[in-house]
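Coordinates in review
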Amino acid sequence: MFYAVIMAGGAGERFWPLSRRDRPKQFLSLVGERTMLQLTFDRLAGLVPPENVLVVTGVNYIETVRHQLPEIPPENIVAEPCGRDTAAAVGLGALHVLRKDPRGIMAVLPADHYIAHVRRFQSVLQAGVSLAAGGQWLVTMGITPTRPDTGYGYICQGELLEYHEDIPVYRVERFTEKPGPEKARQFLAAGCYLWNSGMFIWRADLIYRLIEEHLPALATGLAEIGRAMDRGSCREVLSRVYPGLPKVSIDYGVMEKAPNVLVLPGDFGWDDVGSWPALERYRETEENGNVIEARGVFLETRNSIIHAPGRLVATLGVENLVVVDDGECLLVCRKDRAQELKRLTAALKEAGLEDAL
């Protein structure tokens, strides 16, 4: 059986102040009427029945997920007591898949991505499922880079193994962490590097076995949680054990160490909608290159993003700014610094202004 595990526990800090702890990015409607989580679910239509869709999310977001995805069974909402990065979340999802099907295949899909060409995405996903079904391969989707972006990890393509219909299948030579500007330009020029999309397909038993091999401390905690699931006492054990699990990404903890990884280039119009400037790709710009969602006047204002639906805004002689007012907090930053908003949210926390987060 094939299962989709949607990862919906992120904080979405680079969309502050619209994205807050009580309404992070994945629950917002950023590129249409449907939220990012709903769009992720919609892309699975015809491939995965709702009863085979699981959502791993924070315990505070259970009701939000139920409200946004009433189609999936309530027991398929897997709640983390706290965030411990993607290795723990993947392991927890794998535990739930294994209880349903010891040979189940799971696709791990972030809840906050946008994909323009859904049919092509489904074709690549189906190819990944076929490759993963035998329990030998870890499969990831890589995105052909269009710019020397320093905000993504990269995957170096190795040997071309085969074509799955018209989809090339490559061995992964290596994973590379987020590079600096010069290295990113080299990767783009080389032509054999892909962005790491964070989307994976594998058998649940395989990824669980590799967690045991490479992350034994995580595996020990997951085993205790699994035994509690069998006894029906999962909530108490999860609350006690999960906060102490190692905080490590699945990329660093497992994928970079495993020799049996394949990558499928994903030419399906992928975008992680990672920060405010991404809205320029999905919202209409006016004659001066501005994306404006506010009432007011904008004199000699160019190439800026102004989001303040409930506020009258007036600007004069500015360019390349992000101005966001959610009715409680105001953000003003240079557009080319918007990727650094995590620094700003960390500074707010240090300043004792956590109520703004």
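Residue indices follow the written sequence of each chain, beginning from 1 at its first position. Residue-level local features of this predicted model are given only where pLDDT is at least 70; pairs of side-chain atoms are given and counted only at 80 or more, and the full residue set underlies all totals for whole chains, interfaces and linings. Think of the side-chain values as coming from all heavy atoms in the structure, minus any hydrogens and water.

- As recorded by an unreviewed UniProt entry, the protein carries the name mannose-1-phosphate guanylyltransferase and is attributed to Desulfofundulus kuznetsovii.
- Within the UniProt record for the protein, the comment given under Catalytic activity (unreviewed entry) is "alpha-D-mannose 1-phosphate + GTP + H(+) = GDP-alpha-D-mannose + diphosphate".
- Word for word, the UniProt comment on the protein under Sequence similarities (unreviewed entry) is "Belongs to the mannose-6-phosphate isomerase type 2 family." UniProt positions are given in the numbering used here, feature names are shortened, and annotations may be inferred rather than shown by experiment.

Focus: the overall build of the protein
- Secondary structure elements are taken from DSSP: a helix is a run of H or I of four residues or more, a strand is a run of E of two residues or more, and numbering for both begins at the N terminus. Summing up its helical and strand segments, the protein has ten helices and 15 strands in all.
- This radius of gyration counts C-alpha atoms alone. The globule rule is 2.2 Å times how many residues there are, raised to the power 0.38. Over its C-alpha atoms the protein spans a radius of gyration of 21 Å, differing by no more than 12% from the 21 Å that the globule rule assigns to 357 residues.
- Considering only C-alpha atoms, the protein reaches an extent of 60 × 50 × 40 Å along its principal axes.
- A simple rule labels every residue: compare its accessible area, found with a 1.4 Å probe on the protein chains alone, to the largest value its type can have, and call it buried under 20%, exposed over 50%, or partly exposed in between. Taking all 357 residues of the protein together, 54% fall into the buried category.

Points about the UniProt feature "domain: Nucleotidyl transferase" (unreviewed entry) in the protein
- Following the UniProt record, one finds the feature "domain: Nucleotidyl transferase" (unreviewed entry) at residues 4–283.
- Overall, residues 4–283 shows 34% helix and 24% strand. The separation of its end C-alpha atoms is 29 Å.

Considerations on the UniProt feature "domain: MannoseP isomerase/GMP-like beta-helix" (unreviewed entry) in the protein
- Per the UniProt record, "domain: MannoseP isomerase/GMP-like beta-helix" (unreviewed entry) is annotated on residues 296–344.
- Taken end to end, residues 296–344 comprises 8% helix and 53% strand; its first and last C-alpha atoms sit 27 Å apart.

Some thoughts on the environment of Glu 319
- As for its placement among the helices and strands, Glu 319 is situated in the loop between strand 13 (305–316) and strand 14 (321–325).
- According to the relative accessible area criterion, Glu 319 is partly exposed, its value standing at 49%.
- A sequence separation of 15 residues divides Glu 319 from Arg 334, and the C-alpha atoms of the two residues are 8.5 Å apart.
- Between two residues, a contact is recorded if the distance between any of their heavy atoms is within 4.5 Å. Beyond its immediate chain neighbours, meaning those up to four positions away, Glu 319 contacts Arg 302 and Ser 304.

Remarks on the nonpolar core
- Ranked by internal contacts, the top residues of the largest apolar core, which has 50 residues, are Met 106, Leu 138, Trp 202, Ile 207 and Ile 225.
- Residue contacts for Ile 225: discarding those within four places in its chain leaves Leu 92, Leu 95, Cys 234, Val 237, Leu 238, Val 241, Tyr 242 and Leu 245. Side-chain atoms within 4.5 Å are what join buried Ala, Val, Leu, Ile, Met, Phe, Trp, Tyr and Cys residues into a set we call a nonpolar core.

Side note on unusual backbone geometry
- Between Trp 16 and the following residue, Pro 17, the backbone shows a cis peptide bond with an omega angle of 5°.
- Along the chain, the position of Pro 17 falls in the loop between strand 1 (2–8) and helix 1 (36–42).
- In the Ramachandran plot, Glu 300 falls in the positive-phi region, its phi being about 50° despite a non-glycine side chain.
- With respect to the secondary-structure elements, Glu 300 resides in the loop between strand 12 (291–299) and strand 13.
- Look at Glu 300 and you get exposed, because its relative accessible area is 55%.
- Even without a glycine there, the phi angle at Asn 303 is positive, about 50°.

A closer look at the packing of aromatic side chains
- What counts as a ring pair is set by centres within 6.5 Å for rings of Phe, Tyr and Trp (its six-membered ring), and what kind of pair is set by the plane angle: stacked under 30 degrees, edge-to-face over 60, tilted for all other angles. Considering all chains together, one arrives at ten aromatic pairs under this definition.
- Between Phe 121 and Phe 268 the ring centres are 5.4 Å apart and the planes differ by 85°, which places this aromatic pair in the edge-to-face class. Here Phe 121 is found in helix 4 (residues 118–132), whereas its partner Phe 268 is found in the loop between strand 10 (261–265) and strand 11 (270–271), with 147 residues between them in sequence.
- A relative accessible area of 1% places Phe 121 in the buried class.
- Residue Phe 268 is classed as buried on the basis of its relative accessible area, which comes to 0%.

Describing the pattern of salt bridges
- Whenever Lys or Arg places a side-chain nitrogen within 4 Å of a carboxyl oxygen from Asp or Glu, that contact is recorded as a salt bridge. Taken as a whole, this structure holds 23 salt bridges when the rule is applied.
- Among the charged side chains, a salt-bridge network with shared partners connects Arg 20, Arg 23, Asp 326 and Glu 328.

As for the sheet that holds strand 15 (residues 330–334)
- Across the sheet, four strands lie side by side as 12-13-14-15; this open sheet has mixed pairing. Edge positions in the sheet fall to strand 12 and strand 15, since each of these pairs with one other strand and no more. Looking at each pair of strands side by side, their axes are set apart by 25° on average, direction ignored.
- Pairs of strands are assigned from DSSP output, requiring at least two bridges between the strands. As judged from the three bridges shared by strand 13 and strand 14, these two strands associate in the parallel manner. Bridge pairing in strand 14 places Ile 306 opposite Val 323. Throughout, an axis means a line fitted to C-alpha atoms (over the contacting stretch in the case of helices), and angles, computed between N-to-C directions, take values from 0 to 180 degrees.

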